[in-house]
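Architecture and fold: a report
Residue strings, one per chain:
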Amino acid sequence: MTATIEDIREILKELAQSQQELSQSQQELSQAQQELSQAQKETDKQIKETDKQINRVSQQIGELGNRLGEFVEWQVRPAVVRLFQERGIDVHEFHPGISVKRDNEGLEIDLLVVNDTDAILVEVKSKLTQRDVDEHLQRLAKFKRLMPRFRDVKALGAVAAMIVPNEVASYACRQGLFVLVQSGENVIILNDAEFTPQVW
């Protein structure tokens, strides 16, 4: 079977049409890739903006947490000497915001309540967690080593917070710590009268 000139022309015509369709498909693909690239740039821009907003909100939450902690500390300060005196510990002064650096170790104490024979380290939080209690126990363990002028006093521990879950309060009591909480407009000690504090 021999191809005629008409057959060849028809094949060439179909080939030209196929090339034209291929060229058009390549243009459409190229345009789609450009649109995809632009969409990716927009998405990246939105992700960066969202990250900035998340960072701003996180920072604001952190600042709010710090302010809430400061608020709780200011609630505890006026009551702390009276509360411990009512428990028979005749403390008469308190020192806020103690920070110590010695031998490559550090120690920060929110409130240090003292007399000549006793020192009570008070950790203040807006919401108390078991981790906060454990960290305060570590603080108490190194207190006399990092602040040797208190080596001859009876060191006691206390935690104070606006929110104290029951299981955390029980845990802190079992560890020998006083637990101070907000109750209405007052701060109270949760531990019962038979409570015996741990001495460090």
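This text goes with the structure placed above it.
Residues numbered from 1 in each chain as written. Predicted model: local features only at pLDDT ≥ 70, side-chain atom pairs only at ≥ 80, totals over all residues. Heavy atoms only, no water.

Describing the overall build of the protein chain
Helices and strands together make up the secondary structure of the protein chain, namely 3 helices and 6 strands. Helices and strands in the protein chain line up, N terminus first, as α-β-β-β-α-β-α-β-β. A globule of 200 residues ought to have a C-alpha radius of gyration of about 16 Å, yet the protein chain, at 35 Å, is considerably larger. Dimensions of the protein chain along its principal axes, counting C-alpha atoms only, are 120 × 45 × 30 Å. Per-residue burial over the protein chain gives 32% buried out of 200 residues. (Helix = DSSP H or I, 4+ residues; strand = E, 2+ residues; numbered from the N terminus. Rg over C-alpha atoms; globule rule 2.2 N^0.38 Å. Buried < 20%, exposed > 50% of the residue type's maximum accessible area, 1.4 Å probe, protein only.)

Observations concerning the pattern of salt bridges
Going through the model one piece at a time under the given rule, you end up with 7 salt bridges. For the salt bridge of arginine 139 with glutamate 123, the shortest nitrogen-to-oxygen distance reads 3.1 Å. Of the two residues, arginine 139 is situated in helix H2 (residues 130-146) and glutamate 123 in strand E3 (residues 118-127); the sequence distance between them amounts to 16 residues. Across this residue pair, the class does not change: arginine 139 and glutamate 123 are buried. Within this structure, Glu123, Lys125 and Arg139 form a network of salt bridges that share partners. (Salt bridge = Lys/Arg side-chain N within 4 Å of Asp/Glu carboxyl O.)

A few points about a nonpolar patch on the surface
Residues Ile8, Leu12 and Leu15 make up a contiguous nonpolar surface patch of about 280 Å² in total accessible area. Note on placement: isoleucine 8 falls in helix H1 (residues 5-86). (Patch = residues over 30% accessible without salt bridge, like charges linked within 9 Å, V, L, I, M, F, W, Y side chains within 5 Å. Areas by Shrake-Rupley, 256 points an atom, 1.4 Å probe, with all protein chains shown as cover.)

Details of the pairing of strand E2 (residues 105-114)
Counted residue by residue, E2 has 7 buried out of 10 residues, so it is predominantly covered. Connecting strand E1 (residues 93-102) to the antiparallel partner E2 that follows it, the hairpin turn spans 2 residues, and aspartate 103 within it adopts a positive phi of roughly 50 degrees. As paired elements, E2 and E3 share 4 bridges and run antiparallel to each other. Across the sheet, residue valine 114 finds its bridge partner in E3, namely alanine 119. What sits between the antiparallel neighbours E2 and E3 is a turn of 3 residues. (Pairing = 2+ DSSP bridges.)

Comments concerning the environment of glutamine 138
Relative to the helices and strands, glutamine 138 is located in helix H2. For the pair glutamine 138 and leucine 107, spaced 31 residues apart in the sequence, the C-alpha separation amounts to 9.7 Å.

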